Amino acid sequence: MQRSIEIIKCLKKEYPEAGTLLQHSSPFQFMVAVVLSAQSTDEQVNRVTAELFADYGTPEALAAIDLSLLEEKIRGVGLYRNKARHLKKMAQIIVEQYQGEVPSDFDELLSLPGVGRKSANVIRSVVFKKPGLGVDTHVHRVANRLGLVNSKLPEQTEKALKEQIPEKCWSEAHHLLIFHGRRICQARKPQCNNCVLEGLCEKRFEK
Ligand code: SF4
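Worth saying up front: this structure is predicted, and the values here are computed from it rather than measured.

Undergrad: Sorry, what's going on with the UniProt feature "binding site: [4Fe-4S] cluster" (unreviewed entry) in the protein here?
TA: In this structure's numbering, the residues bearing the UniProt feature "binding site: [4Fe-4S] cluster" (unreviewed entry) are Cys185, Cys192, Cys195 and Cys201. In three dimensions, the annotated residues from a span of 17 residues occupy one location, with a maximal C-alpha spread of 10.9 Å. Put simply, the named residues that line the largest cavity are Cys185, Cys192, Cys195 and Cys201. Relative to the assigned elements, Cys185 resides in the loop between helix H11 (170–183) and helix H12 (202–206).

Right, dumping it as structure tokens:
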């Protein structure tokens, strides 16, 4: 527990601005942006949603959109065909079963098309300010390199991180590890010589 807290403290100093970069102006829009963000950069998603949300930023509008038009509008992100199907279905469910409101319950979020554990955690923490620690590729990689976890699957990483990080810091830890993974502890070329976690990192000690 102690080392994970040290790491969070260090990263907080380094990235005081850490938080979501996905632009949105409602819980529903954030959920759409999160679904679009799988295997895509936040910049790509923001470019796509800036146009999409102008006319289709509500569950009702997205539920009614023609599927091929939706595909056209989100072409700028990866896996756009699958995502279009998921988003339309998701919007229909939100309208029909949740009166147009995004549910806050983890399992209900998880049951929506296109929403996996990472997305459900992120939506809960950003939109509802509830504890959530989403594990994407950056969180998974950095947590393993640091030696906070020793896991092959994101789900195992999520469980292990949740066991050692206090619940009130889960959301923050998610954003901080992502920032660090993008800027310093990159997949191919981690900049260990330029890393504030140098003395706290197990991987670093192996170099
Ligand atoms: S020391 Fe290297 S491997 Fe460890 S967190 Fe920093 S950049 Fe990543």
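Structure shown, so let's carry the discussion forward.
Undergrad: Whenever I open this one, the UniProt feature "domain: HhH-GPD" (unreviewed entry) in the protein confuses me. Can you help?
TA: Taking the UniProt record as the reference, the feature "domain: HhH-GPD" (unreviewed entry) is found at residues 36–183. With 68% helix and 0% strand, residues 36–183 has end C-alpha atoms that lie 22 Å from one another.

Undergrad: What exactly am I supposed to notice about the site of the ligand here?
TA: What surrounds the ligand is the set Arg145, Leu146, His180, Ile184, Cys185, Pro190, Cys192, Cys195, Cys201, Lys203 and Arg204. Spatially, the ligand is embedded in the largest cavity. Those elements that provide at least two residues to the shell around the ligand are helix H9 (137–146) and H12. Class assignment for the residues of the shell around the ligand results in seven nonpolar, one polar and three charged.

Undergrad: Any chance you could explain the nonpolar core here in plain terms?
TA: Soluble, globular proteins show a tendency: their nonpolar side chains are buried together. Ranked by size, the top nonpolar core spans 37 residues in total, and within it Leu62 and Ile74 carry the most contacts. Breaking this core down by element, the ones donating at least two residues are helix H2 (27–36), helix H3 (42–56), helix H4 (59–64), helix H6 (80–98), helix H7 (106–110) and helix H8 (117–128). Other than its neighbours up to four places away in sequence, Ile74 contacts Leu36, Val48, Leu52, Tyr80, Lys83, Ala84 and Leu87.

Undergrad: Any chance you could explain unusual backbone geometry here in plain terms?
TA: Glycine aside, residues mostly have negative phi, and peptide bonds are mostly found in the trans state. The phi dihedral of Gln39 falls on the positive side, at around 55°, and the residue is not glycine. With respect to the helices, strands and loops of the structure, Gln39 is situated in the loop between H2 and H3. Positive phi, close to 55°, is recorded for Leu79, a residue that is not glycine.

Undergrad: Could you clarify how one ought to interpret helix H10 (residues 154–164) in this entry?
TA: Along an α-helix, residues three or four positions apart point the same way, because every turn accommodates 3.6 residues. Residues Thr157, Glu158, Leu161 and Gln164 constitute the buried set of H10. Along H10, the residues classed as buried sweep out an arc of 140° about the axis, all on the same side. Facing away from the buried side of H10 by more than 90 degrees, the exposed set consists of Glu155, Lys159 and Glu163. On its buried face, H10 is in contact with helix H1 (2–14), H8, H9 and H11.

Undergrad: What should I look at first to understand the domain arrangement of the protein in this one?
TA: Accessible area lost when the parts come together is the quantity often used to give the size of an interface. Here the protein is described as being made up of domain 1 (2–17 + 133–206) and domain 2 (27–128). Summarising the inter-unit geometry, the C-alpha centres of domain 1 and domain 2 are found 27 Å apart. Interface area, domain 1 with domain 2, both sides summed: about 650 Å², of which 47% is carbon and sulfur. The tally of links from domain 1 across to domain 2 stands at two salt bridges. The salt bridge involving Arg182 is made with Asp42; its shortest N-O contact spans 3.2 Å.

About the thresholds
Residues numbered from 1 in each chain as written. Predicted model: local features only at pLDDT ≥ 70, side-chain atom pairs only at ≥ 80, totals over all residues. Heavy atoms only, no water. UniProt positions renumbered as here; feature names shortened; annotations may be inferred. 1 Å grid on protein atoms, 1.4 Å probe; cavity = no way out; pocket = protein on both sides within 12 Å on 5 of 7 lines; lining within 4 Å. Helix = DSSP H or I, 4+ residues; strand = E, 2+ residues; numbered from the N terminus. Near = heavy atom within 4 Å. Sits in = over half its atoms within 2 Å of the grid points. Nonpolar A, V, L, I, M, F, W, Y, C, P; charged D, E, K, R; others polar. Core = buried A, V, L, I, M, F, W, Y, C linked by side-chain atoms within 4.5 Å. Buried < 20%, exposed > 50% of the residue type's maximum accessible area, 1.4 Å probe, protein only. Contact = heavy atoms within 4.5 Å. Arc of directions from axis to C-beta. Domains from an automatic or database assignment. Buried area = accessible area lost by both parts, 1.4 Å probe. Salt bridge = Lys/Arg side-chain N within 4 Å of Asp/Glu carboxyl O.

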